[in-house]
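Report on the structure
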Amino acid sequence: MTTYLLPTENARAPGDLTDPEADETGAAADDLNPPCVLVFNASDPSGAGGLAGDALAMASVGAHMLAVVTGAYARDTAEIFDHFPFDEEAVAEQARAILEDVAVQLIKVGFVGTPENLSTIAETASDYPEVPVVAYMPDLSWWDENQIEAYLDAFRDLVLPQTTVLVGNHSTLWRWLLPDWDGERPPSARDIAKAAGEFGVAYTLVTGMRLPDQYIDNVLASPQTVLASEKYERLEAVFAGAGDTLSAALAALLASGTDLPAATSEALAYMDRCLDAGFRPGMGHVLPDRLFWAQPEEDEEDDADESPDTAGFALPPHDTRH
């Protein structure tokens, strides 16, 4: 079953550089431009997620990110200590300025800090009803309970009606969308998709569903059916930024015109490779290596060992004199 998230006429075909008529009209140049994704998210100094993670993941799969900064985390690689939101006017002006200049293929919503910012984003998305929206709901357990409740209520009422694909961990989406679940088994991905569908969400990608033998399942579902399922072996590490990586890659692939099941499969495979190549820059969690594909191969590393000594070209230490 192939489900097109974007109309097929929006799929981006490579330009024919031998076609003079295309050159005259500029169509070939447009075809060669990467798809543009408008992203609402916070700045994350650790690089685990936020706009830095979105930018790397989207560039890795061929999209150009248009970043709207909604606030900033105070965090390290182990935990989030606080978040400082921008006011809604600053968020609205950033989005307005770039949207008047650049045509976007998709809008991605990450963590934006306040119900007021969610309202601004919902209003922006409603002005572009033909542009799909990918919304990611992270784990907010680090935050104040009253702020969490107000944020989730606003997200549910304002953003979900605009959302084409909702992405989130199974436990996060379960607690949010099915708080009164009393079944003998945990809710399935379709149960969660049905709950999201009541607020207008067409598709839900549920991640981190535990399976036997150290496997986890990631399921794409609509309220009517399961569209795709990808199983991966659990890695023995605690990661920060996996969900940001997945949702950014999915958004970029969809913006390029890839159909939804194929984009989901490719985004999950990309995330798995990022986690497999993960690194620990500090004393906290492992971060995804979103540029794993740029690392040298083993034979290239051997060649590097034979390179000439460059010790004499080391940068001097910073020594500011006043």
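Cut-offs applied
Position numbers for residues start from 1 in each chain and track the written sequence from start to end. Residues qualify for local features only when their pLDDT is at least 70, as the model is predicted, and side-chain atom pairs are given and counted only at 80 or more; totals for whole chains, interfaces and linings, by contrast, use all residues. Excluding hydrogens and water, the side-chain figures rest on all heavy atoms present in the structure. Helix numbers and strand numbers start at the N terminus; a helix is a DSSP run of H or I with at least 4 residues, a strand a run of E with at least 2. Working definition: with a 1.4 Å probe on protein chains only, accessible area under 20% of the residue-type maximum means buried, over 50% means exposed, and in between means partly exposed. Contacts between residues were defined by any pair of non-hydrogen atoms, one from each residue, lying within 4.5 Å. Only the protein chains shown count as covering a residue, and every accessible area follows the Shrake-Rupley method with a 1.4 Å probe. A pocket here means an open set of points on a 1 Å grid, computed over the protein atoms alone, that has protein on both sides within 12 Å along at least five of seven lines. A cavity is instead a set of points where a 1.4 Å probe fits but cannot get out; residues with an atom within 4 Å of a point line either one. Grid points are joined across faces, edges and corners, and a volume is the space filled by probe spheres set on the points. Just so you know the grouping, Ala, Val, Leu, Ile, Met, Phe, Trp, Tyr, Cys and Pro go in nonpolar, Asp, Glu, Lys and Arg go in charged, and all remaining residues, Gly too, go in polar. Throughout, an axis means a line fitted to C-alpha atoms (over the contacting stretch in the case of helices), and angles, computed between N-to-C directions, take values from 0 to 180 degrees. What sets the label is the angle itself: under 35 degrees gives roughly parallel, over 145 gives roughly antiparallel, 65 to 115 gives roughly perpendicular, and the rest give oblique. Any Lys or Arg side-chain nitrogen located within 4 Å of an Asp or Glu carboxyl oxygen qualifies as a salt bridge. Each nonpolar core is a collection of buried residues, namely Ala, Val, Leu, Ile, Met, Phe, Trp, Tyr and Cys, held together in the definition by side-chain atoms within 4.5 Å. Taking the helix axis as origin, the arc is that swept by the directions to the C-beta atoms. Between any two strands, pairing holds if DSSP finds at least two bridges.

**Focus on the overall build of the protein chain**
Counting its regular elements, the protein chain contains 11 helices and nine strands. A buried classification covers 45% of the 322 residues belonging to the protein chain. Sequence-distant contacts, at least 24 apart, represent 64% of the contacts inside the protein chain between residues at least 6 apart. Carbon and sulfur atoms make up 50% of the accessible area of the protein chain, which totals about 16900 Å².

**Some words on the environment of Leu-166**
Relative to the elements of secondary structure, Leu-166 occurs in strand β6 (residues 165-169). For Leu-166, a relative accessible area of 0% corresponds to the buried category. Leu-166 sits 40 residues away from Val-206 along the chain, and the two C-alpha atoms are 8.3 Å apart. If sequence neighbours within four positions are ignored, Leu-166 has contacts with Ala-135, Leu-160, Leu-173, Trp-176, Leu-177, Ala-196, Val-201, Tyr-203, Thr-204 and Leu-205.

**Examining the layout of surface pockets**
To find leftover empty space, one rolls a probe the size of a water molecule over the atoms. As a volume, the largest pocket reaches approximately 1300 Å³. Lining the largest pocket are 45 residues, with Asn-169, Phe-239, Gly-241, Ala-242 and Gly-243 positioned closest to its centre. Ranked by the residues each element gives to the lining of the largest pocket, the list is headed by helix α9 (residues 242-255), at four residues. Residue composition of the lining of the largest pocket, by class: 20 nonpolar, 15 polar and 10 charged.

**What to know about unusual backbone geometry**
Positive phi outside glycine occurs at Asp-213, with the angle close to 60°. With respect to the element layout, Asp-213 can be found in the loop between β7 (203-211) and β8 (215-221). With a phi close to 60°, Gln-214 is a non-glycine residue in the positive phi region. Residue placement: Gln-214 occurs in the loop between β7 and β8. Owing to a relative accessible area of 41%, Gln-214 belongs among the partly exposed residues under this scheme.

**Remarks on the packing of helix α5 (residues 115-126) against helix α6 (residues 145-159)**
Their axes nearest at 9 Å, the elements α5 and α6 cross at an angle of 10°. Compared by their axis directions, α5 and α6 come out roughly parallel. Facing α5, whose interface residues are Pro-115, Leu-118, Ser-119 and Ala-122, α6 presents Ala-150, Tyr-151, Ala-154, Phe-155, Leu-158 and Val-159.

**What to know about the pattern of salt bridges**
Tallied over the full model, the rule gives eight salt bridges. One salt bridge connects Arg-96 with Glu-93, and the closest N-O pair in it is separated by 2.9 Å. In this pair, Arg-96 and Glu-93 are both assigned in helix α4 (residues 88-99), three residues apart and thus about one turn of the helix distant. For Glu-93, a relative accessible area of 43% corresponds to the partly exposed category. Where Asp-157 meets Arg-156, a salt bridge forms, and the shortest distance between an N and an O atom there is 3.4 Å. Judged by relative accessible area, Asp-157 falls into the partly exposed class, the value being 47%. When salt bridges that share partners are traced, they join Glu-93, Arg-96 and Glu-100 into one network.

**Let's talk about the nonpolar core**
Membership of the largest hydrophobic core comes to 47 residues, with the highest contact counts inside it found for Phe-40, Tyr-151, Phe-155, Leu-166 and Trp-176. The leading source of residues in this core is α6, at six residues. Setting aside chain neighbours within four positions, we find Tyr-151 in contact with Gly-110, Phe-111, Val-112, Gly-113, Thr-114, Pro-115, Leu-118, Met-137, Leu-140 and Trp-143.

**As for helix α7 (residues 170-177)**
Among all positions of α7, only His-170, Thr-172, Leu-173, Trp-176 and Leu-177 are buried. With its buried residues spanning 165° around the axis, α7 presents them on a single face.

**Structural notes on the sheet that holds strand β3 (residues 80-85)**
Sheets are built from strands paired through backbone hydrogen bonds, the pairs being either parallel or antiparallel. In spatial order, the strands read β3-β2-β1-β4-β5-β6-β7-β8-β9; together these nine strands make up an open sheet with mixed pairing. Only two strands of the sheet have a single partner each, and these edge strands are β3 and β9 (226-233). In this sheet, adjacent strand axes meet at a mean angle of 20° when their direction is disregarded. Pairing of strand β1 (residues 36-43) with strand β4 (residues 106-109) involves four bridges; the strand directions are parallel. Within β4, the residue paired with Leu-38 across the bridge is Ile-107. Where α6 meets the sheet, it contacts β4 and β5 (133-137), and its direction lies at approximately 165° from that of β5. Lying over the sheet, helix α8 (residues 189-197) contacts β6, β7 and β8, oriented at roughly 150° with respect to β7.

Structural measurements only, silent on function.
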